[in-house]
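Letter by letter, the chains look like this.
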Amino acid sequence: MVTHIVLWNYIDTLTPEQKIEAGTKIKNDLENLKSIIPGVISLEVKINQMDSSTKDIALFSEFESEEALKQYAVHPEHVKVGQYIKTVTCGRTAFDY
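Bear in mind the structure is a predicted one, so any value in this text is a computation, not a measurement.

## Quick word on the packing of helix H1 (residues 16–32) against helix H3 (residues 76–88)
Close contact between H1 and H3 brings their axes to 10 Å; oriented N to C, the two are set at 160°. Classified by the interaxial angle, the pair formed by H1 and H3 is roughly antiparallel. Between H1 and H3 the crossing geometry is left-handed. Taking contact as the criterion, the partners of Ala22, Lys25, Ile26, Asp29 and Leu30 in H1 are, on H3, Val81, Tyr84, Ile85 and Val88. Each residue belonging to the contact of H1 with H3 can be placed in one class, and the counts come to 7 nonpolar, no polar and 2 charged.

## Observations concerning the sheet that holds strand E3 (residues 57–63)
Pairing in this open sheet of 4 strands is antiparallel, and the strands run E2-E3-E1-E4 from one edge to the other. With one partner strand each, in any of the chains shown, strand E2 (40–47) and strand E4 (89–96) form the two edges of the open sheet. Averaged over all pairs of adjacent strands, the angle between their axes in this sheet comes to 15°, without regard to strand direction.

## Observations regarding the nonpolar core
Trp8, Leu30, Leu33, Leu43, Leu59 and Tyr72 are the most contacted members of the largest nonpolar core, which totals 22 residues. Listed by contribution, the elements that provide at least two residues to this core are strand E1 (2–10), H1, E2, E3, helix H2 (66–74) and H3. Top element by residues in this core is E1. It accounts for 4 residues. Sequence-distant contacts of Tyr72, that is, excluding residues within four places in its chain, are made with His4, Leu30, Leu33, Ile37, Val40, Leu43, Leu59, Phe63 and His78.

Rules and cut-offs
- Residues numbered from 1 in each chain as written.
- Predicted model: local features only at pLDDT ≥ 70, side-chain atom pairs only at ≥ 80, totals over all residues.
- Heavy atoms only, no water.
- Axes fitted to C-alpha atoms, helices over the stretch in contact; angles between N-to-C directions.
- Helix = DSSP H or I, 4+ residues; strand = E, 2+ residues; numbered from the N terminus.
- Parallel < 35°, antiparallel > 145°, perpendicular 65-115°, else oblique.
- Left-handed = near helix turned anticlockwise from the far one by under 90°.
- Contact = heavy atoms within 4.5 Å.
- Nonpolar A, V, L, I, M, F, W, Y, C, P; charged D, E, K, R; others polar.
- Pairing = 2+ DSSP bridges.
- Core = buried A, V, L, I, M, F, W, Y, C linked by side-chain atoms within 4.5 Å.
- Buried < 20%, exposed > 50% of the residue type's maximum accessible area, 1.4 Å probe, protein only.

Printed below as a string of structure tokens:
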């Protein structure tokens, strides 16, 4: 099993309302990938609600194998979601183990 964690911040130009809209879309779109992409064991997105955090959005996901994670990364539905995420976030940090 492989765990994949990704953290983002919103871009500075988003209004508070746009941040809520973007966070909701990211959460829904990423979490929907679990039922679409083979090899995904779990996938959960958390949206920051505490001032003590330095990141706005967190993805916690588990995959059957490193190969499954690699297939997820290039899957067309994941790529599509990622294209949107890149328009509303910055400062991506990832950690896999």
